[in-house]
Amino acid sequence: MAYEAQAFLGLTGQEISEFIIDWEGDAPAKESIHLEGPAVETDHIAFLKESRGHAPGDVTEVKLEDGKLTISVEPSTNKVPWTLVIGDKKIEQKEFIVHTRTADEKFERLEEGRVMYRLYSPENATTPRPMILFLHGGGNGGHEGERDNEKQLMADYGPVNFAEDYPDIYVMAPMCVEQKMDMSKVNMNAGFNNSGLGNDPRYGWSRYYLGLVCDIIRRMIKEGKVDPKRIYVTGMSMGGGGTIRAMSVGSDLFAAAIPVCPTMTPETFNILKSIKRPVWVTSAYIDHTLYRHKYLVDAVMALKDDGNKNAHLTLFSPEDLEKYDISITPNMEYKTLFRQNHWSWVPTYKNEYGIMSWLLNQTKED
C-alpha cells in the first residue's frame, strides 16, 4: 500500500496538509481519523483547540476517489514525529513519502567543490536577475559525508517562501558542514567572549566557506545570470551571524543584508558595527541568547553614529510575535518562551514592517 503526503513550507517549516493512501472499500468516517504523537500533543496545540476550537493536525476533509483516500488536515509540523490513525490502523511518519510544494520541483540540487546548495532560478530569465542568498541556522546543516542537501530548505520558513513570493529572483540556499553536537544542550549563554561558534574554518559559516559560496555567485554574475547590483544576503541565528560575516567576506557583492537573531561573537560584533552597506537587523525582544540584544543595539547605534543612515534594528514585541502564534501559550516556562521567541525570522520574512520590501529595493551603486 502506498502512503504519500503533501507538504509546504509554513511558519514552523515543513508542514503536512494532506495524506493520500491507496484504499480498498468504503471511505472511513472523518471522526475515526486523527493524528497523534509529539507533533500535535503539545501545550500550544491544546491551547489553540481550547481557545479557537481547532488546531494544527485536525482533520478537515476526507475523500475517496478511484481507490485513493485523501485526508486533508489543518497544516501540522513535520519536524517532530506524528502517526496517522485511521480507525484501528496506525501509519507512522517514516512510512510516508512527503512531497513538498515548490521545493521538490523548482530547487535544483547542486554541488561545487565543498559547497552543496539548492538553487531556485527564475523561469525564462533573459536578463540578469537579483539574488537572495539564504544562510540556514544551527542544526539545519549536515555533517561531513552525511549532507542530504535538503534540510536547509525544509527546516524553516525561508528560501522556498522567497521563491514563491518573489518568483523573478534567484534564491540560493547552501548547506554548511556542522560539528556533531546536541543543539538542545548547547549553552547559548556561555559568555560573549567564549561564543565562537563558526570560527573553525571547517564548520559552519566560516569566512573560508563563505568565500567559496561567494565565488559561485561571482561565476553566476560573469555568466550574465545574476544582477551584480541586486544581490542580498539573509540568514537566521547561526546563519544570521553568517550573514554578518558574509558582509565582510563578500563586501564587493552584497547590496544589503538582513541578519535575523544573529549569533553574536566578538568577530560578528566588530563586523556588524563597521558595515557600510544597508543593513536591517531583527530579533525578538528577548530570546535564548540573553546577551544578544546588548551587542545588536550597540552595533547598530555605532553604525548610525558613523553615518550609516540605512542601518536599522527591529526587536519584535510580544504583540508582533503573537500575530504569528509565537509564544502565545499561557504560563510558558522561560526556557520555552525564549526558544519560541527565537523564531523572529517568521515576522521578518513575512515582511513585517516592510522589511523584505526594503531589502529588495536596495541597489549597490559601487
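Residues numbered from 1 in each chain as written. Predicted model: local features only at pLDDT ≥ 70, side-chain atom pairs only at ≥ 80, totals over all residues. Heavy atoms only, no water.

Asker: Help me get a handle on the packing of aromatic side chains, residues and values and all.
Answerer: Per the stated rule, a full pass over the model turns up 14 aromatic pairs. Centre to centre, the rings of F107 and Y120 are 5.9 Å apart; their planes meet at 40°, and the pair counts as tilted. Of the two residues, F107 is situated in strand β9 (residues 107–112) and Y120 in strand β10 (residues 115–120); the sequence distance between them amounts to 13 residues. Comparing F107 with Y120, the two get one shared label, buried. Ring centres 6.3 Å apart and planes at 70° place the aromatic pair F134 and Y349 in the edge-to-face group. (Phe/Tyr/Trp six-rings, centres within 6.5 Å; stacked < 30°, edge-to-face > 60°. Helix = DSSP H or I, 4+ residues; strand = E, 2+ residues; numbered from the N terminus. Buried < 20%, exposed > 50% of the residue type's maximum accessible area, 1.4 Å probe, protein only.)

Asker: Could you give me a rundown of the sheet that holds strand β8 (residues 97–100), with the residues and numbers involved?
Answerer: Read from one edge of the open sheet, five strands run β4-β5-β2-β1-β8, paired in mixed fashion. Each edge of the open sheet is held by one strand with a lone partner, namely β4 (59–65) and β8. Strand-to-strand twist of the sheet, defined as the mean angle between neighbouring strand axes without regard to direction, takes the value 25°. Relative to strand β5 (residues 68–77), strand β2 (residues 13–22) runs antiparallel, the two being bridged by seven bridges. Across the sheet, residue I20 finds its bridge partner in β5, namely T70. (Pairing = 2+ DSSP bridges. Axes fitted to C-alpha atoms, helices over the stretch in contact; angles between N-to-C directions.)

Asker: Quick rundown of the sheet that holds strand β3 (residues 33–36)? Include the residues and the values.
Answerer: Taken in spatial order, the three strands of this open sheet run β3-β6-β7, and their pairing is antiparallel. Both edges of this open sheet fall to β3 and β7 (89–92), since each of them pairs with a single strand only. Averaged over all adjacent pairs, the angle separating strand axes in this sheet is 20°, with direction ignored. Where strand β6 (residues 83–86) and β7 come together, four bridges link them in antiparallel fashion. Within the sheet, the bridge partner assigned to L84 lies in β7 and is I91.

Asker: I'd like a description of a nonpolar patch on the surface, backed by residues and values.
Answerer: Among the surface-exposed residues, V297, M301 and L315 lie close enough to one another that they form a single nonpolar patch of about 220 Å² accessible area. Tracing the backbone shows V297 in helix α8 (residues 292–305). For V297, a relative accessible area of 32% gives the class partly exposed. (Patch = residues over 30% accessible without salt bridge, like charges linked within 9 Å, V, L, I, M, F, W, Y side chains within 5 Å. Areas by Shrake-Rupley, 256 points an atom, 1.4 Å probe, with all protein chains shown as cover. Salt bridge = Lys/Arg side-chain N within 4 Å of Asp/Glu carboxyl O.)

Asker: How would you summarise the pairing of β9 if you had to cite specific residues and measurements?
Answerer: The sheet contact formed by β9 and β10 spans six bridges and is antiparallel. Across the sheet, the residue bridging to E111 is M116, located in β10. Hairpin connection of β9 to β10: two residues between the antiparallel strands, including G113 at a positive phi of 60°.

Asker: Describe the pattern of salt bridges, with residues and values.
Answerer: Tallied over the entire structure, the rule returns 20 salt bridges. Where R109 meets E150, a salt bridge forms, and the shortest distance between an N and an O atom there is 3.0 Å. Taken together, the residues span a long stretch of sequence, with R109 in strand β9 and E150 in the loop between β11 (129–135) and α3 (151–154) at a distance of 41 residues. By relative accessible area, E150 is classed as partly exposed at 29%. Between E267 and R245 there is a salt bridge, with its nearest N and O atoms 3.0 Å apart. In this pair, E267 is assigned in helix α7 (residues 266–272) and R245 in helix α6 (residues 238–249), connecting sequence segments 22 residues apart.

Asker: Residue-level account of the environment of T102, with values.
Answerer: Among the structural elements, T102 can be located in the loop between β8 and α2 (103–106). Classification of T102 as buried rests on a relative accessible area of 8%. As a C-alpha pair, T102 and L48 span 54 residues in sequence and 28 Å in three-dimensional space. Setting aside residues up to four positions removed in sequence, T102 forms contacts with F107, V160, A163 and E164. (Contact = heavy atoms within 4.5 Å.)

Asker: Describe α6, naming the residues involved and giving the relevant values.
Answerer: In this model, α6 (twelve residues) spans 16 Å end to end at C-alpha, consistent with the 16 Å of a helix rising 1.5 Å per residue. Of all twelve residues making up α6, eleven are buried, and the element is well covered by its neighbours. Tucked into the core, α6 has its buried residues touching β11, α5 (207–222), β13 (226–236), β14 (256–260) and α7. (Expected span 1.5 Å × (residues − 1).)

Asker: Quick rundown of the nonpolar core? Include the residues and the values.
Answerer: Core analysis: the largest hydrophobic core is formed by 42 residues, its most contacted members being M131, M172, F254 and L272. In terms of residue count, α5 provides more of this core than any other element does, seven residues in total. Once residues within four sequence positions are removed from consideration, F254 is found in contact with L133, C214, I217, I231, Y232, V233, A246, M247, R277 and K364. Grouped together as the second largest cluster of nonpolar side chains are 37 residues, A103, M154, V160 and W280 included. (Core = buried A, V, L, I, M, F, W, Y, C linked by side-chain atoms within 4.5 Å.)

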